[in-house]
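Architecture at a glance
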Amino acid sequence: MSIYSFEMPGWNDYSTWGEEEGAGHLYAQLYTNDDDPDSPPRVWITPPSVVVRTVDELAEVISSAIRPHVATQPPAFLVKEWLIDGRP
């Protein structure tokens, strides 16, 4: 399993995303920096509720999923940058 950080300001302390190796899909577990990292993620993107196979798809899903938790919904291209910035 690959695990990368999600570098969106205000969400970058505990949030992660990656690929579940052998499963062919991506996942994300997103917490605001004020959330308790020992509690369930504020936003959890994983099968079977959502099956995402590319970083572009994941960025689109994250953009929509965090909308209730942010003042302004970030565009998917910006979310993609925050995903990519977390890779080594």
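Coordinates for the structure precede this section.
First, a word on what this report is: a plain description of the structure on this page. (Residues numbered from 1 in each chain as written. Predicted model: local features only at pLDDT ≥ 70, side-chain atom pairs only at ≥ 80, totals over all residues. Heavy atoms only, no water.)

On the basis of which strands lie adjacent, the open sheet formed by four strands has the order β1-β2-β3-β4 and antiparallel pairing. The open sheet has two free edges, formed respectively by β1 (4-5) and β4 (43-45), since each of these has just one partner strand. The sheet contact formed by strand β2 (residues 16-20) and strand β3 (residues 25-30) spans five bridges and is antiparallel. Residue pairing in the sheet places tryptophan 17 in a bridge with alanine 28 of β3. (Pairing = 2+ DSSP bridges. Helix = DSSP H or I, 4+ residues; strand = E, 2+ residues; numbered from the N terminus.)

A word on the environment of arginine 53. Residue position: arginine 53 is located in the loop between β4 and α1 (55-65). Along the sequence, arginine 53 and methionine 8 sit 45 residues apart, while their C-alpha atoms lie 21 Å from each other. Engagement of the side chain of arginine 53 in a polar contact is seen with the backbone oxygen of glycine 24, the distance being 2.8 Å. (Polar contact = N/O pair within 3.5 Å; in protein donor to acceptor, adjacent residues only side chain to side chain.)

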